[in-house]
Amino acid sequence: MNNHKVDRHTYNLRKRKRIHDEVATDDARVKKPNATTTTGIGIDKLPVKKQDTTTTTEIGIDKLPDDMLIAILSRMSLKEAARTSVLSSRWRNLWTSTSRDLVFDAADTSGGAVMKMEKFADMVDYTLKLYEGTGVDSLSIRFSNIHEDDDGVISHSIYSWVYFAMLKQVKKFELDLSVAGGYHYNYEFPEVLTWLLRFPPEKWFPLECKSKNGVRVLRSLGAFRSLRSLRLVHVDISDTAVCYFLSSCPVIEELSIRASNTIINLQVVDPPSLKVLEIVDCPNIKSLVISSTNLVSCTYIGKKISSPFKNVPNLSDLTLGGKFCTSFIYEPNKHSSYSLQLGKLVLNLQTASFFERQIGPIDLPQLHGLKRLELNVVSQVGRSLLFFISLIKASPRLHEFKLKIDYLVARQSSDDSMIRERLMPFPKVTSTEEYTFEHKNLKVVKIEGYCGCESEEQFVVQLCNIASLEKVLIDTDCDYYLDHAENCVAMYRLRKDGKNPMSKRMRKAEPMANGAMTPFLAKKHARKLRSTCNTNFVIT
């Protein structure tokens, strides 16, 4: 009996073991569930989290070498690259090693207000101090919030910015200290010997020859040797310093100097790579000599001086302004040595300060190669524009003509004489009889600042009569703006160029002499003009 019980007990154990083994075998044959499925598996046993972590570690951006990360950061803006410093300790200083364009603009703020002087200087100083890159492609510093009582406060900071540009072998350097209202900061660009004393010896180049000339010695040191473009606005730089840049920077292609009080007798002679030159609003300039075989584009706006162009065989793009521009039109014989080769000409005819040009010039500039002519004109509403037809006649190959007009407008009827006292820079022509020629190449005409007055209509009709125009573009998006020179005079000009707009209340309080001038009515006049001309009009 006991043996029977033992046998039965043994049998049950064996049976349970056999069932357990069969279940285990069947489970092993069952397909393993997908890792993303939670049915039948505890969430804490899922391998997903561990797998993602492994993937990030192996192929994530943190696995990339520093050189590659720096290359990526170099494609971002300065602000975006600097923000990556909060990612981790490894990213903290990566952005400071990039070779990039460093742009600092006091007006480029989130709120739209111009940054205060000391705050802006501290920001630039701090950023440049952290920067560890071996080179800088471009350094642009634009600051316009300088006041008269701030002279000298940030001069030391500006000097350190210039030195940073030299030390980092910057390729493009811009320093803009222009201030609204015409205020001049009087910052003097460092002299050549100052650079010589501070330039580190480890960056010296072997001397090419023995010379006591400081400019020659500095050239051998390689300061600014990589510079390709230099733009200085409201920065006083000496003639000697400019000559250094031109003679000692072998790859400099662009030089722009605007509103410098210390440019007096400047010589631009045989710069090896110079292609673009701008000398604008330098009030104390007495002479300018330009002899450059590679020069393609030149801008000179300022005093009447002897013709500066001595040897410029490749000059094709010229922009002129000030009294020198008037000389170009009324004294063409003084400019014939280079006017024949021009392909593009821009003339800025602003209000005259000497006497009004009542009679047109007997001779006109010879512009036989000109294909594009642009005129930026200050005029009186209703004043004839037919004089400019003569410039078109002197350009037989002209293809595109652009006229941009800023109108002086009297705010009171008694102030109209104020406009006449400011004097117009071009003669008033009333007869169209002499303009009966045929121009075979003129195809495109663009007029900006169109207000719809009769003189504009007469001018456009005359252009349609002398040429088979393919397109006439008329921009009527203008408004009234206060004119700084005379408070009793307003300016009717393009909105994109306008500053100090007049409020509607001000216009009603002091009615304009030409109160009907509005963009709406200007477009209405332009559409009416389109119906009388058999050509394609584009009105904006």
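Structure: above.
Visitor: I'd love a proper account of the overall build of the protein chain, names of residues and values included.
Guide: Check the secondary structure of the protein chain and you find 16 helices and 19 strands. Counting all 540 residues of the protein chain, 44% fall into the buried class. Across the protein chain, contacts joining residues at least 24 apart in sequence account for 66% of those joining residues at least 6 apart.

Visitor: Give me the pattern of salt bridges: which residues, what numbers.
Guide: One pass over the structure, following the stated rule, counts 18 salt bridges. Among the salt bridges present, the one from Glu331 reaches Lys304, with a minimum N-O distance of 3.2 Å. On the criterion of sequence distance, the pair formed by Glu331 in the loop between helix H10 (323-330) and helix H11 (336-339) and Lys304 in the loop between strand S9 (297-302) and strand S10 (309-311) is long-range, its members being 27 residues apart. For Glu331, a relative accessible area of 24% gives the class partly exposed. In this structure, a network of salt bridges that share partners links the residues Asp105, Arg142, Glu174, Asp176 and Arg231.

Visitor: How would you sum up unusual backbone geometry? Please name residues and give values.
Guide: Positioned with a positive phi, His234 is a non-glycine residue whose angle comes to about 55 degrees. Accessibility expressed as a relative area gives 13% for His234, which makes it buried. The phi torsion at Ala259 lies on the positive side, around 55 degrees, for a residue other than glycine. Inspection of the secondary structure assignment puts Ala259 in the loop between strand S5 (254-258) and strand S6 (265-269).

Visitor: Break down the side chain of Ser157 for me, with residues and values.
Guide: By the element assignment, Ser157 lies in helix H6 (residues 155-167). A polar atom in the side chain of Ser157 sits 3.0 Å from the side chain of Asp125. Residue contacts for Ser157: discarding those within four places in its chain leaves Ala121 and Asp125.

Visitor: Explain helix H14 (residues 454-466) to me, and be specific about the residues and the numbers.
Guide: An α-helix turns once every 3.6 residues. As a result, residues three or four positions apart point the same way. The terminal C-alpha atoms of H14, which comprises 13 residues, lie 19 Å apart, in line with the 18 Å expected from a rise of 1.5 Å per residue. Where H14 is concerned, the buried positions are Ser455, Glu456, Phe459, Val460, Gln462, Leu463 and Ile466. Mapping the buried residues of H14 onto a view down its axis gives an arc of 160 degrees, with all of them on the same face. Opposite its buried face, H14 presents the exposed residues Glu454 and Asn465, each directed more than 90 degrees away. At its buried positions, H14 is contacted by helix H12 (387-393), strand S14 (400-410), strand S15 (444-448), helix H16 (519-532) and strand S19 (537-539).

The rules behind the values
Every chain begins its residue count from 1, and numbering advances along the sequence as written. Reporting of local features is limited, given that this is a predicted model, to residues whose pLDDT is at least 70; pairs of side-chain atoms are given and counted only at 80 or more, and all residues count toward the totals for whole chains, interfaces and linings. Note that the side-chain values use all heavy atoms of the structure and ignore hydrogens as well as water. Runs of H or I in DSSP of at least four residues are treated as helices and runs of E of at least two as strands, each being numbered from the N terminus. Throughout, exposure labels follow a simple rule: accessible area from a 1.4 Å probe, protein chains only, divided by the maximum for the residue type, with under 20% read as buried, over 50% as exposed, and the rest as partly exposed. Two residues form a contact once any of their heavy atoms are found within 4.5 Å. The term salt bridge refers to a pairing of a side-chain nitrogen on Lys or Arg with a carboxyl oxygen on Asp or Glu at a separation within 4 Å. Whenever two N or O atoms come within 3.5 Å, that pair is a polar contact, provided that in protein one can donate a hydrogen and the other can accept it, and provided that, for residues adjacent in sequence, both atoms are side-chain atoms. Expected span of a helix: the number of residues minus one, times 1.5 Å. By arc we mean the arc of the directions from the helix axis to the C-beta atoms, nothing more.

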